[in-house]
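Residue-level listing of the chains:
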Amino acid sequence: MILCDIANPPVASGHRFDQGRHWAASLALRFAPRSGATRLVHARHQGPLRVQRPFYPEGRGQACHVYVLHPPGGLVSGDALVISAHVESGAHALLTTPAANKLYKADSQGVAWTQRTQLDVEDGATLEWLPQETIAFDGSRGEQHTQIDLHGSARCLGWEVMALGRPASDLPYLTGRIEQQFRLTLDGRPLWLERQPLDPAHPRFTGRWGQGGATVQATLWAVGLADTGEAIEALREALPDHPRWAVTARHGVLLLRYLGNARNEAWALCEQAWEVLRPRWIGCEAHTPRIWLT
């Protein structure tokens, strides 16, 4: 389930990795149906990655809520974080985090960090991947990979919210480089492949044909909707009417994008979209994880 060799993680293009200061952390989870409920049947960790006990706020036979904990609270030069989750047929897991993930400034040698997420969902299983936002400090250098492997009638909904710099502290993202890669497959067939470099030195970063100087971006995906066309219309009716977001569907994958300058706006958009989609997606109302309210 784990995508990379912990001892020898890959290095992002243009980045440097220092084995002498390498600090690896990994977490492998497995969910399965047991006695009418989804159970966390396996949790293996290395380094500073943990989970709290499973919660069932929606009822015993509904989603198993699990909070992924990274006590350091962020990534520094040399860190390598790997999170994997496997959901067996008939199980329903919802994974989130208790706080924002922080990507700190690289050291004087420009040593990179790496972060990998592997989600594997069997036929007839359901997974919601709803982490809180990621905040990239000026000078951060690293690589994020998200791999989602679905099988048969598997259903998956998730998001990634990225805020660049800390504008409230007058600390914009002016240097550094972050590369994001997404890969979603169904029975081994690619449905959504994406690679995006976030580099303030590249014309794309400020060009109107690219990021246009936006400091916050978000992507929400959903697979398993009975009618993506109806879902898109419902989102357009329910969400705020402004040019900073758009929604499309292709090959059965619904994608909602946000590009702007407000973390709170991006987060609220994703949460509201989840509330609109969830009843159409799995026939259940959205149940906000209580950790988001603390």
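Everything quoted here is computed from the prediction, not taken from an experiment. (Residues numbered from 1 in each chain as written. Predicted model: local features only at pLDDT ≥ 70, side-chain atom pairs only at ≥ 80, totals over all residues. Heavy atoms only, no water.)

S.K.: Lay out helix H2 (residues 228-238) with the relevant residues and their values.
M.R.: All buried positions along H2 are accounted for by Ala 231, Ile 232, Ala 234 and Leu 235. Taken down its axis, H2 places every buried residue within 160° of arc, on the same side. Among the structural elements, strand E17 (245-250), strand E18 (253-260) and helix H3 (263-282) are those in contact with the buried residues of H2. Its side-chain oxygen at 3.1 Å from the backbone nitrogen of Gly 229, Asp 227 defines the N-terminal cap of H2. (Buried < 20%, exposed > 50% of the residue type's maximum accessible area, 1.4 Å probe, protein only. Helix = DSSP H or I, 4+ residues; strand = E, 2+ residues; numbered from the N terminus. Arc of directions from axis to C-beta. Contact = heavy atoms within 4.5 Å. Polar contact = N/O pair within 3.5 Å; in protein donor to acceptor, adjacent residues only side chain to side chain.)

S.K.: Could you give an account of the layout of surface pockets, with specific residues and numbers?
M.R.: Approximately 390 Å³ is the volume found for the largest pocket. Ile 83, Thr 97, Asn 101, Gln 115 and Pro 131 are the residues nearest the centre of the largest pocket, which is lined by 26 residues in total. Of all the elements in the fold, those that place two or more residues in the lining of the largest pocket are strand E4 (64-69), strand E6 (79-87), strand E8 (101-103), strand E9 (113-121), strand E12 (141-150) and strand E13 (155-164). Considering every element that reaches the lining of the largest pocket, the biggest residue donor is E12, with 3 residues. Taken together, the residues of the lining of the largest pocket break down into 13 nonpolar, 11 polar and 2 charged. (1 Å grid on protein atoms, 1.4 Å probe; cavity = no way out; pocket = protein on both sides within 12 Å on 5 of 7 lines; lining within 4 Å. Points joined across faces, edges and corners; volume = space filled by probe spheres on them. Nonpolar A, V, L, I, M, F, W, Y, C, P; charged D, E, K, R; others polar.)

S.K.: Any chance you could break down the state of the cysteines for me, citing the residues and the numbers?
M.R.: Applying the stated criterion across every chain, the model contains 0 disulfides. Among the cysteines around Cys 156, which has no disulfide bond, Cys 270 carries the closest sulfur, lying 14 Å off. Residue class for Cys 156 comes out buried when judged on its relative accessible area of 0%. (Disulfide = S-S within 2.5 Å.)

S.K.: Got a sec to walk through H3? Specific residues and values, please.
M.R.: The end-to-end C-alpha separation of H3 is 28 Å, in line with the 28 Å expected for 20 residues at 1.5 Å each. Of all the bends in H3, the greatest, near 30°, is centred on Val 276, and the proline Pro 279 appears no more than four residues after it. Within H3, burial applies to Ala 266, Trp 267, Leu 269, Cys 270, Glu 271, Ala 273, Trp 274, Val 276, Leu 277, Arg 278, Trp 281 and Ile 282. Phi for Gly 283, located one or two positions after H3, is positive at around 75°. (Expected span 1.5 Å × (residues − 1). Bend = angle between axes of the 7 residues up to and from the residue.)

S.K.: Report on the pattern of salt bridges, specifying residues and quantitative values.
M.R.: Side-chain pairs of opposite charge can arise where the charged atoms are in close proximity. Enumeration according to the criterion identifies 13 salt bridges in this entry. Among the ionic pairs, Arg 278 bridges to Glu 128, the shortest N-O distance being 2.9 Å. Placement of Arg 278 in helix H3 and of Glu 128 in strand E10 (residues 126-130) is noted, with a sequence separation of 150 residues between them. Its relative accessible area of 0% is what places Glu 128 among the buried residues. With a closest N to O distance of 2.5 Å, Glu 194 and Arg 257 form a salt bridge. Of this pair, Glu 194 sits in strand E15 (residues 189-198) while Arg 257 sits in strand E18; the two residues are 63 residues apart in sequence, bridging distant segments of the chain. (Salt bridge = Lys/Arg side-chain N within 4 Å of Asp/Glu carboxyl O.)

S.K.: Tell me about the environment of Ala 268, residues and numbers included.
M.R.: With respect to the secondary-structure elements, Ala 268 resides in helix H3. Residue class for Ala 268 comes out partly exposed when judged on its relative accessible area of 41%. Sequence separation of Ala 268 and Leu 174 is 94 residues, and the distance between their C-alpha atoms is 26 Å.

S.K.: Lay out empty space enclosed by the protein with the relevant residues and their values.
M.R.: Evaluation of the coordinates by the stated rule reveals 1 cavity of 30 Å³ or more. Estimates place the volume of the largest cavity at around 40 Å³. Surrounding the largest cavity, Trp 23, Ala 25, Pro 48, His 70, Pro 72, Leu 75, Asp 79, Ala 80 and Leu 81 form its lining. Listing elements by their share of the lining of the largest cavity, those giving two or more residues are strand E1 (23-34) and E6. Per-element accounting of the lining of the largest cavity gives the leading share, 3 residues, to E6.

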